[in-house]
Amino acid sequence: MVYHFDHLSSVGGRIFEEERRRVVRSLIAEGYLRTQAVVDAMLRVPREEFVLPEYRRFSYYDTPLPIGCGQTISAPHMVAIMTEKLEPRPGQRVLEVGTGSGYQAAILAEVVGPRGHVWTIERIPQLAEYALNNLRRTKYLDRVTVVVGDGSEGYPPAAPYDRVIVTAAAPDIPKPLVDQLEDGGRLVIPVGSRWIQVLKVVVKEGGRVRVERDIPCVFVPLVGKYGFKEVENRDRDIW
Ligand code: SAH
């Protein structure tokens with residue numbers, strides 16, 4: 001059975017909104033979404049504005065999608081899990097390493113609100129440009145600053161941060177990211193090999209650093225000084 005969607009694109013906005021509510025409801029039922037602020041953020045941010053046109057119909061499938069340059073926008077459940085583990089609060093200063101599409105940055109912008117700010121750093125200039133356009137269209141640029149650079153070294157100009165989230169896989173926890181964390185701050189980061197990682201939560205309290213292990217996960221590699229070495233371009237056309 002083949003289902004056709006493309007002929008409905010003129011009413012796409014309404015259909016996407018229904019699909020967004022459906023995926024949020026199932027993420028709540030699955031236990032991934034736990035707090036009202038994160039639920040509200042996922043209900044407000046239109047994921048369809050952060051995916052490539054050829055994958056738009058899959059915007060609310062709970063799966064990662066290619067965004068070009070061999071990179072991906074994370075699956076909704078992974079965005080839900082990481083945002084909940086990060087415990088962001090209104091008014092906070094957040095650093096995201098790995099801007100990609102800008103979707104996770106928009107979710108964080110919703111949670112920190114008008115008094116908070118999100119700095120997001122991306123190493124591939126074309127993706128930073130892509131994210132910038134997505135965030136401009138969806139009107140998040142007043143709360144989000146997109147930076148091009150090696151985020152494995154953090155982003156010293158705006159440090160310290162209340163929260164740091166890394167959405168690419170690191171071989172170890174980069175020391176600069178811990179150094180740039182405010183006391184009482186949290187860092188969420190996938191750590192492991194290039195192919196499989198464990199989500200780690202780093203908590204800084206009274207100058208002491210505690211590391212908690214969470215679930216196994218799969219992310220594209222963090223490439224940089226405190227990440228993996230340059231990888232081959234794996235951006236094959238899979239579509
Ligand atoms: N959070 C993104 C998904 C990120 S995919 C979203 O919501 O769409 C991981 C991204 O990290 C990729 O775009 C990749 O280019 C980027 N990246 C990898 N190493 C990096 C580094 N050292 N500094 C900044 N970005 C990096």
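Note: the structure precedes this text.
Remember, it's a predicted structure, so these values are computed and weren't measured experimentally.

Caption draft 1: Structural view of the overall build of the protein. Along the protein, the regular secondary structure elements total six helices and nine strands. By the compact-globule yardstick of 18 Å for 239 residues, the protein fits well, its C-alpha radius of gyration being 17 Å. For the protein, the spread of C-alpha atoms along the principal axes amounts to about 55 × 40 × 30 Å. Put simply, the protein has 239 residues, and 49% of those count as buried. Pairs at least 24 apart in sequence give 58% of the contacts found in the protein among residues at least 6 apart. For the protein, the computed accessible surface area is about 11,900 Å², with 52% contributed by carbon and sulfur atoms. Placing the 32 positive and 31 negative side-chain charges of the protein at their respective mean positions leaves the two points 2 Å apart.

Caption draft 2: Looking closely at the environment of Val164. Within the fold, Val164 resides in strand β6 (residues 161-166). Each C-alpha atom of the pair Val164 and Val97 lies 7.7 Å from the other, and the pair is 67 residues apart in sequence. In this structure Val164 touches Leu86, Leu95, Leu177, Leu181, Arg186, Leu187 and Val188, once residues within four positions along its chain are discounted.

Caption draft 3: Spotlight on helix α4 (residues 103-112). Counting buried positions along α4 gives ten out of ten residues, so the element sits mostly inside the fold. Among the residues of α4, Tyr103, Gln104, Ala105, Ala106, Ile107, Leu108, Ala109, Glu110, Val111 and Val112 are the ones counted as buried. Phi for Gly113, located one or two positions after α4, is positive at around 75°.

Caption draft 4: Looking closely at the packing of aromatic side chains. This model, assessed by the stated rule, comprises four aromatic pairs. Arranged with centres 6.1 Å apart and planes meeting at 55°, the rings of Phe16 and Tyr60 form a pair that is tilted. Of this pair, Phe16 sits in helix α1 (residues 12-29) while Tyr60 sits in the loop between α2 (36-44) and β1 (65-68), placing them 44 residues apart in sequence. Exposure class is identical for Phe16 and Tyr60. Each is buried. Between the aromatic rings of Phe50 and Tyr103, the centroid separation amounts to 5.8 Å while the plane-to-plane angle is 70°, which identifies the pairing as edge-to-face. Note that Phe50 is positioned in the loop between α2 and β1 and Tyr103 in helix α4, a separation of 53 residues in sequence.

Caption draft 5: View of the site of the ligand. The environment of the ligand is made up of 25 residues, and the closest members are Ser101, Glu122, Asp150, Gly151 and Val223. Here Val223 contributes a backbone N or O atom positioned 2.7 Å from a nitrogen atom of the ligand. Within the complex, 99% of the 590 Å² of free accessible area of the ligand lies under protein. Elements with a contribution of two residues or more to the shell around the ligand: β2 (71-73), α4 and β4 (117-122). The element contributing the most residues to the shell around the ligand is β2, with three residues.

Caption draft 6: Layout of the pattern of salt bridges. Tallying each qualifying case throughout the model produces eleven salt bridges. Across the pair Arg44 and Glu110 runs a salt bridge, and its minimum N-O distance is 3.3 Å. Pair noted here: Arg44 is in helix α2 and Glu110 is in helix α4, with a separation of 66 residues, a long-range link. On the accessibility criterion, Glu110 (18% relative accessible area) is buried. Salt-bridge contacts for Asp179 lead to Lys175; the nearest nitrogen and oxygen are separated by 2.9 Å. You can see Asp179 and its partner Lys175 sitting in helix α6 (residues 175-179), four residues apart, about one turn around the helix.

Caption draft 7: Structural view of the environment of Arg194. With respect to the secondary-structure elements, Arg194 resides in the loop between β7 (181-192) and β8 (197-205). Separated by 47 residues in the primary sequence, Arg194 and Val147 place their C-alpha atoms 24 Å from one another. A distance of 3.4 Å separates a polar side-chain atom of Arg194 from the backbone oxygen of Lys229.

Rules behind the numbers
Residues numbered from 1 in each chain as written. Predicted model: local features only at pLDDT ≥ 70, side-chain atom pairs only at ≥ 80, totals over all residues. Heavy atoms only, no water. Helix = DSSP H or I, 4+ residues; strand = E, 2+ residues; numbered from the N terminus. Rg over C-alpha atoms; globule rule 2.2 N^0.38 Å. Buried < 20%, exposed > 50% of the residue type's maximum accessible area, 1.4 Å probe, protein only. Contact = heavy atoms within 4.5 Å. Areas by Shrake-Rupley, 256 points an atom, 1.4 Å probe, with all protein chains shown as cover. Lys, Arg positive; Asp, Glu negative; His and termini not counted. Charge placed at Lys NZ, Arg CZ, Asp CG, Glu CD. Phe/Tyr/Trp six-rings, centres within 6.5 Å; stacked < 30°, edge-to-face > 60°. Near = heavy atom within 4 Å. Polar contact = N/O pair within 3.5 Å; in protein donor to acceptor, adjacent residues only side chain to side chain. Salt bridge = Lys/Arg side-chain N within 4 Å of Asp/Glu carboxyl O.

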